[in-house]
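Each chain, letter by letter, is given below.
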Amino acid sequence: MTSTPDFAPTEVASEREPATVEQLEQEGDIAADFLEGLLDIADVDGDLDLDVRAGRAYVSVEAPEGGSVSLIADPDTVQALQELTRIAVQNRTGRFSRLILDVGGSRDTRQRQLATLVDRAIDRLENGASQASLPAMSSYERKLVHDIVSERGFVSESYGEGADRHTVIRRG
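Residues numbered from 1 in each chain as written. Predicted model: local features only at pLDDT ≥ 70, side-chain atom pairs only at ≥ 80, totals over all residues. Heavy atoms only, no water.

Trainee: So what exactly am I meant to see when it comes to the pairing of strand 5 (residues 154-159) here?
Mentor: Regular strands have side chains that alternate between both faces of the sheet. Residues Phe154, Ser156 and Ser158 point to one face of strand 5 and are all buried, whereas Val155, Glu157 and Tyr159, pointing to the other face, are not buried. Hairpin connection between strand 5 and strand 6 (residues 166-171): a loop of six residues separates the two successive antiparallel strands, and Gly160 in this loop has a positive phi of roughly 95°. (Buried < 20%, exposed > 50% of the residue type's maximum accessible area, 1.4 Å probe, protein only. Helix = DSSP H or I, 4+ residues; strand = E, 2+ residues; numbered from the N terminus. Pairing = 2+ DSSP bridges.)

What follows is the structure, encoded as structure tokens:
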């Protein structure tokens, strides 16, 4: 006799069909529950803010007066926390999550760092290089880089696979 599981994860279809606002709000709620538990364990005080923008759930951990959020606001730490949070959401929903996590303004800090990185690459182009490669980064960071490069009047493409995927900048 064959039994049918009570829960069969849905096919990872987020690449094919965009998540609904309701699904994204659900992702945000699940992420907030996960992060609240994590913050409690780490004894870090933070206020959570949820939003849905551009087809993604956004969760921000803000520092209350005298809060200790800065202890986990390093971009590498935020990236790791974001991946853990995405896994927790995917485990509960059965869907791939493109959730974005910001801790204490870390996303703005990282965007400024990426703009500086792009400006240095453009300087190499201005000094005669035919192209400039940036280090490997997440898909979200590459998207930000593509936007910055376009604003500066240059073109960019992503190359490589998985953790080695990086952006190459060229003249327009």
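Trainee: Explain the sheet that holds strand 6 to me, please; I cannot follow it from the model alone.
Mentor: Strand pairs in the sheet, formed through backbone hydrogen bonds, run parallel or antiparallel to each other. Here we have three strands laid out as an open sheet, ordered 4-6-5, and antiparallel in their pairing. Every other strand in the sheet has two partners, leaving strand 4 (132-133) and strand 5 as the edge strands with one partner each. Helix 3 (residues 106-126) contacts strand 4, strand 5 and strand 6 of the sheet and is inclined by roughly 40° relative to strand 6. (Contact = heavy atoms within 4.5 Å. Axes fitted to C-alpha atoms, helices over the stretch in contact; angles between N-to-C directions.)

Trainee: What exactly am I supposed to notice about the packing of helix 3 against helix 4 (residues 139-151) here?
Mentor: Between two packed helices, both the angle of their axes relative to each other and the distance between the axes serve to describe the pair. Orientation of helix 3 relative to helix 4, taken along the N-to-C sense of each, is 55°, at an axis distance of 10 Å. If you check the angle between helix 3 and helix 4, you find them oblique. Between helix 3 and helix 4 lies a crossing whose hand is right-handed. Where helix 3 abuts helix 4, its residues Arg107, Arg110, Gln111, Leu114, Ala115 and Val118 lie against Tyr140, Glu141, Leu144, Val145, Ile148 and Val149. Its residues assigned to classes, the contact of helix 3 with helix 4 comprises eight nonpolar, one polar and three charged. (Parallel < 35°, antiparallel > 145°, perpendicular 65-115°, else oblique. Left-handed = near helix turned anticlockwise from the far one by under 90°. Nonpolar A, V, L, I, M, F, W, Y, C, P; charged D, E, K, R; others polar.)

Trainee: Would you mind showing me how to read the pairing of strand 6 here?
Mentor: Judged from the two bridges that link them, strand 4 and strand 6 form a sheet pairing that is antiparallel. The residue bridging Ser133 from the neighbouring strand is Val168, located in strand 6. Pairing analysis gives six bridges linking strand 5 to strand 6, with the strands arranged antiparallel. Its bridge partner being in strand 6, Glu157 is matched across the sheet by Val168.

Trainee: Just to check I follow, could you spell out the side chain of Thr93 for this structure?
Mentor: Residue placement: Thr93 occurs in helix 2 (residues 75-93). For Thr93, a relative accessible area of 10% translates into the label buried. Polar contacts involving the side chain of Thr93 include one to the main-chain amide nitrogen of Arg95, which spans 3.1 Å. (Polar contact = N/O pair within 3.5 Å; in protein donor to acceptor, adjacent residues only side chain to side chain.)

Trainee: Can you help me understand the packing of helix 1 (residues 21-42) against helix 2 in this one?
Mentor: Interhelical geometry of helix 1 versus helix 2 gives an angle of 125° and a closest axis separation of 9 Å. Judged by the angle between their axes, helix 1 and helix 2 are oblique. The crossing of helix 1 and helix 2 is right-handed. Between helix 1, through Gln26, Glu27, Ile30, Ala31, Phe34, Leu35 and Leu38, and helix 2, the contact on the second element is made entirely by Leu81, Leu84, Thr85, Ala88, Val89, Arg92 and Thr93.

Trainee: Quick question: what am I supposed to make of the confidence of the model for the protein here?
Mentor: Detailed reading of the predicted model is not advised wherever pLDDT is low. Summarising the model, the protein shows a mean pLDDT of 88, and 90% of its residues fall at 70 or more. Predicted confidence for residues 1-15 stays below pLDDT 50, and this span has eight contacts to residues more than four positions away or in other chains. (pLDDT = per-residue confidence, 0-100.)

Trainee: Help me understand the pattern of salt bridges in this model?
Mentor: For side chains of opposite charge, pairing can occur when their charged atoms come near one another. Evaluated as defined, the whole model comprises seven salt bridges. For the salt bridge of Arg170 with Glu157, the shortest nitrogen-to-oxygen distance reads 3.5 Å. One end of the pair, Arg170, is in strand 6; the other, Glu157, is in strand 5, with 13 residues separating them in the sequence. One salt-bridge network, held together by shared partners, links Asp119, Glu151 and Arg152. (Salt bridge = Lys/Arg side-chain N within 4 Å of Asp/Glu carboxyl O.)

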